[in-house]
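Residue strings, one per chain:
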Amino acid sequence: MSGGVGPTYNDIQLPKDDHEQPISSAPPKNVHHPTIVPTHKRFLTFRQLNSLAVIVVFSASGMVSMEDFVFVFLSYIYIHFLSKVAFPLPPNASTHERVFDPNNKFLSLYVSVAAIIGLVLPIAYIFHGILEEDKQGIKAASPHVFLLSSQVFMEGVAFSGKFAIPISVFVPVFYNSRRIFTIVEWLRNEIGKVDEEYGGSPTRVYMGRALAIANMVLWCFNLFGFLLPVYLPRAFKKYYASFNKIKD
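A. Geometry of unusual backbone geometry. One non-glycine residue, Glu-133, lies in the positive phi region at around 60 degrees. Mapped onto the elements of the fold, Glu-133 is located in the loop between helix H3 (105–132) and helix H4 (135–158). The class of Glu-133 is exposed, set by a relative accessible area of 68%.

B. Examining the layout of surface pockets more closely. Approximately 1700 Å³ is the volume found for the largest pocket. Lining the largest pocket are 47 residues; nearest its centre among them are Arg-47, Val-152, Glu-155, Gly-156 and Phe-159. Elements represented by at least two residues in the lining of the largest pocket include exactly helix H1 (46–60), helix H2 (66–85), H3, H4, helix H5 (165–191) and helix H7 (202–247). Residues that form the lining of the largest pocket fall into these classes: 27 nonpolar, 14 polar and 6 charged.

C. View of the packing of H2 against H5. As a packed pair, H2 and H5 sit with axes 11 Å apart at the nearest point and diverge in direction by 155 degrees. Classified by the angle their axes make, H2 and H5 are roughly antiparallel. The handedness of the crossing between H2 and H5 comes out as right-handed. Contacts between H2 and H5 involve Asp-68, Phe-71, Val-72, Ser-75, Tyr-78, Ile-79, Leu-82 and Ser-83 from the first element and Ile-167, Phe-170, Val-171, Phe-174, Tyr-175 and Arg-178 from the second. Looking at the contact of H2 with H5, its residues break down into 10 nonpolar, 2 polar and 2 charged.

D. Region of interest: the packing of aromatic side chains. Summed over the entire model, instances satisfying the criterion amount to 17 aromatic pairs. When the centroid spacing of 5.9 Å and the interplanar angle of 55 degrees are considered together, the rings of Tyr-110 and Phe-226 count as tilted. Here the residue Tyr-110 occupies a position in helix H3, and Phe-226 occupies one in helix H7, the gap between them amounting to 116 residues. On the basis of relative accessibility, which here comes to 18%, the residue Phe-226 falls in the buried class.

E. Focus on the packing of H3 against H4. For the pair H3 and H4, the least separation of the axes is 10 Å and the interaxial angle reads 150 degrees. Between H3 and H4, the angle falls in the class roughly antiparallel. Where H3 crosses over H4, the two elements pack in a sense that is left-handed. The segment H3 lies against H4, with Gly-118, Leu-119, Pro-122, Ile-123, Tyr-125, Ile-126, Gly-129 and Ile-130 engaging Gly-137, Ile-138, Ala-141, Ser-142, His-144, Val-145, Leu-148 and Ser-149.

F. Representation of H4. With 24 residues, H4 should cover 34 Å at 1.5 Å per step; its first-to-last C-alpha distance of 35 Å lies within 8% of that length. The largest bend along H4 reaches roughly 30 degrees and is located at Ala-141, with the proline Pro-143 sitting one to four residues downstream. In terms of burial, H4 is a largely internal element, 19 of the 24 residues being buried.

Cut-off values and rules
- Numbering of residues begins from 1 in every chain and follows the order in which that chain's sequence is written.
- Predicted model: local features are reported for residues with pLDDT of at least 70 only, side-chain atom pairs are reported and counted for 80 or more only, and whole-chain, interface and lining totals are derived from all residues.
- Here the side-chain values reflect all heavy atoms present in the structure, with hydrogen atoms and water set aside.
- Numbering of helices and strands starts at the N terminus; helices are DSSP runs of H or I of at least 4 residues and strands are runs of E of at least 2.
- With a 1.4 Å probe rolled over the protein chains alone, any residue whose accessible area is under 20% of its type maximum counts as buried; one over 50% counts as exposed, and the rest are partly exposed.
- A 1.4 Å probe that fits but cannot get out identifies a cavity on a 1 Å grid over protein atoms alone, an open set with protein on both sides within 12 Å along at least five of seven lines counts as a pocket, and a residue lines either if it has an atom within 4 Å of a point.
- Grid points are joined across faces, edges and corners, and a volume is the space filled by probe spheres set on the points.
- In this classification, Asp, Glu, Lys and Arg are treated as charged, Ala, Val, Leu, Ile, Met, Phe, Trp, Tyr, Cys and Pro as nonpolar, and every other residue, Gly included, as polar.
- Fitted lines through C-alpha atoms serve as axes, helices being fitted only where they are in contact, and the angles separating the N-to-C directions of these axes extend from 0 to 180 degrees.
- In this scheme, roughly parallel covers angles under 35 degrees and roughly antiparallel covers those over 145, while 65 to 115 is roughly perpendicular and the rest are oblique.
- In this scheme the handedness of a crossing depends on how the near helix is turned from the far one: anticlockwise by less than a right angle means left-handed, clockwise means right-handed.
- Any two residues whose heavy atoms approach within 4.5 Å are treated as being in contact.
- Classification of ring pairs rests on two measures: the distance between centres of Phe, Tyr or Trp rings, Trp counted by its six-membered ring, which must be within 6.5 Å, and the angle between planes, read as stacked under 30 degrees, edge-to-face over 60 and tilted in between.
- One less than the number of residues in a helix, times 1.5 Å, gives the span that helix is expected to have.
- To get the bend at a given residue, fit one axis to the seven residues ending there, fit another to the seven starting there, and take the angle between those axes.

In structure tokens form, the structure reads like this:
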């Protein structure tokens, strides 16, 4: 067998002649072996580049507080700390190991819906707020968008192959927990708007409230209905099972 590289000449049998010639033990000359070209992984994925663009734009516009910057910076340091102290990468671990099948259609649909509700619509709401001069609504929605973009970027770092599976679980759990507090503030701001003080269109008020409620429902379900009861146990089970295989 070729071992996945390609067919070798030892697998090929030639028809026998009437007079068999003695087989020489000398290695054959001018035999070209297939060369394996190492594949270099891109430094940043397309999804990370998009997230990084959102992070830069929001940071440059001054819509991000210093607390959110510190949170992102400390999370980057903490995943390295966890990787060294608590969850080292198992020996001979596959860099493409995943908890769920990436070809799962239901999971892909769930991620797409979450991206639309969590990123696309809030970004559109913020840009519409610039036209409406709704500084209050922009300030309330920006922390959620910034932290979710940072989460997507950090998930790309966690799945780069340099970290164990529990680190890839830590990132969404950590960021999802933090973003729930920002969504609460966003929802409180939208509900507290008074038409006389706001001075904008009533449609935007209801749109902002509906969007904040939709994000609250989505990300509370994502944390308490998917990440903690489903994703987290499967990830730890897969992680410690890899060590048991090494011992066996």
